[in-house]
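Here's the letter readout for the chains.
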Amino acid sequence: ARHVIPGGVNSTARAQWSGWLPYPLFVERGEGSRLVDADGNHYIDYLLGLGPMILGHRPRKVTRAVVDFIEQRGTVFALPTADEAVLAEKIVAAVPGVEQVRLCNTGTEAVLYATRLARAFTGKRKIIRFEGMYHGFSDGVYWSKHPPIDKAGPDHSPKAVPQGPGMPRGVEENLIILPWNDAQALADVLAKHGEEIAGIITEPVMCNTGCILPRHGYLEAMRDLATRHDVVLIFDEVITGFRLGLGGAQARFGIRPDLSVFAKGLGGGFPVAALGGRKEIMSLVADGTVSMAGTYTANGIAVAAANAALDELGQDGVYGQLDAVSDELRTGLDLVLKQAGLPAYTVGVGPLMQVWFASKPIHNYRDAERYADQGLFRRWFEGMLERGVLFHPGAYENLFVSTAHSREDIAVTLAAAKDVASGL
Ligand code: PMP
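Residues numbered from 1 in each chain as written. Predicted model: local features only at pLDDT ≥ 70, side-chain atom pairs only at ≥ 80, totals over all residues.

What follows is about the site of the ligand. Near the ligand there are 15 residues, and of these Thr106, Gly107, Thr108, Gly136 and Val238 occur at the shortest range. Of all the elements, helix H4 (residues 107-122) adds the most residues to the shell around the ligand, at 3 residues. Classifying every residue of the shell around the ligand gives 7 nonpolar, 6 polar and 2 charged. (Near = placed C-beta within 6 Å. Helix = DSSP H or I, 4+ residues; strand = E, 2+ residues; numbered from the N terminus. Nonpolar A, V, L, I, M, F, W, Y, C, P; charged D, E, K, R; others polar.)

What follows is the structure, given as structure tokens:
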């Protein structure tokens, strides 16, 4: 049975997803690798709350830590706590590019602080960002991930463009939006405008135009160019952080950004985010030159959740196991797609992946717009959903694996995939 929830509810939540889902899906509860909807349907969940649930839904120790905290200590915020300092030490110990850290509540906020800090540190104004990346829902900087490509100019001399409806006028003057995975475009723009550019913000793996891996040497080139032009390199690890390993993508790939932004996986399902980086830059936050505040910043619930989540993720073998299960899924999906003779393949790294319906390799947003078959993706998504497997409904979105996914989940998923693929 489906759609027992009547229409006309006084909430815009349903409208937000209406273009994405074939029928209204109201979530009742989460349990490990599963979601249960209001009609009692069970789904193997690869959406994972848009990524945060690396430990699966309702991770026991995180839940326990939060409940204990509330019952024994209240909510506690506004003044610093020792727990906050303990969490900061854990993040610093885990992430290579982080020497000092400050907490906040969402990825969006952390990104705003990162760009504010880059501007304060360099005394420059413009920020380079990349087509197809998403850095949060703030008006001022990063509202949309879909610039109009037709207005963005040729691949090798792109222009800053307004990003979409609702974008306040003038914002684009401070942004330079480039195609990703193109070191030459970056080098050219820095050579021309380096004196005005405060920061480069990038995801180390593109996660908001599906999953796209950096080309060999691209992140290294970006690191090198940023250093040469006195530009602050910001890694937005909101998705990759704590997912590709305790040290995020920067540890996995061996690249050290100047600032890093974390959210999602950090809190094991509770809202908490962090900005960290080189001491020299973070000291502007520490000494109050750059303000980074907020009523709920580093509140006790969020900190308790994050401390418990990082302890769980830090146990021996967690990431090895997560990668192994994820590789099994990815290899299996590739085989299913190949056997069905579909123009499709997977791209991914560890528990972060994407099924691309495309006949050519996709290296950035421009390629995705040119080559990805969204219609085929749609039928694939709906077929899987009907069989009780929930992927992200967007053609350009990732599929996430959690430590709660079992080999049995993978087997059930692959059987469903085989069935769906044969009918596409
Ligand atoms: N950066 C990236 C890469 C993201 O994927 C997101 C959220 N999807 C954000 C920033 C914004 O984070 P939040 O939703 O916590 O504000």
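This paragraph deals with the sheet that holds strand E2 (residues 34-37). Across the sheet, 4 strands lie side by side as E1-E2-E3-E13; this open sheet has mixed pairing. Edge positions in the open sheet fall to strand E1 (27-31) and strand E13 (389-390), since each of these has one partner strand only. As paired elements, E1 and E2 share 4 bridges and run antiparallel to each other. Each residue of the ladder has a partner; that of Glu31, found in E2, is Arg34. (Pairing = 2+ DSSP bridges.)

This brings us to helix H10 (residues 318-339). For H10, spanning 22 residues, the distance from its first C-alpha to its last is 32 Å, which sits close to the expected 32 Å at 1.5 Å a residue. Immediately downstream of H10, the backbone of Gly341 shows phi near 70°, a positive value. (Expected span 1.5 Å × (residues − 1).)

Looking now at the domain arrangement of the protein. Its domain assignment divides the protein into domain 1 (13-58 + 317-422) and domain 2 (60-313). Of the residues lining the interface, 28 residues belong to domain 1; the matching set on domain 2 comes to 32 residues. Those elements giving two or more residues to the side of domain 1 that touches domain 2 turn out to be H10, strand E11 (344-349), strand E12 (352-357) and helix H11 (365-371). (Domains from an automatic or database assignment. Contact = placed C-beta atoms within 7 Å.)

Attention now goes to the pairing of strand E10 (residues 273-277). Within E10, 5 of the 5 residues are buried, which leaves the element mostly enclosed by the surrounding structure. Along E10, one buried face is formed by Ala273, Leu275 and Gly277 and the opposite face, lined by Ala274 and Gly276, is buried too. Where strand E4 (residues 100-104) lies against E10, 5 bridges are found, and the strand directions are antiparallel. Counted as the bridge partner of Gln100 is Gly277 from E10. (Buried ≥ 20, exposed ≤ 12 C-beta atoms within 10 Å, placed from the backbone.)

It is worth spelling out the environment of Leu79 at this point. Relative to the elements of secondary structure, Leu79 occurs in the loop between helix H2 (60-73) and helix H3 (82-94). With 7 C-beta atoms counted inside 10 Å, the residue Leu79 sits in the exposed group. Separated by 218 residues in the primary sequence, Leu79 and Thr297 place their C-alpha atoms 9.4 Å from one another.

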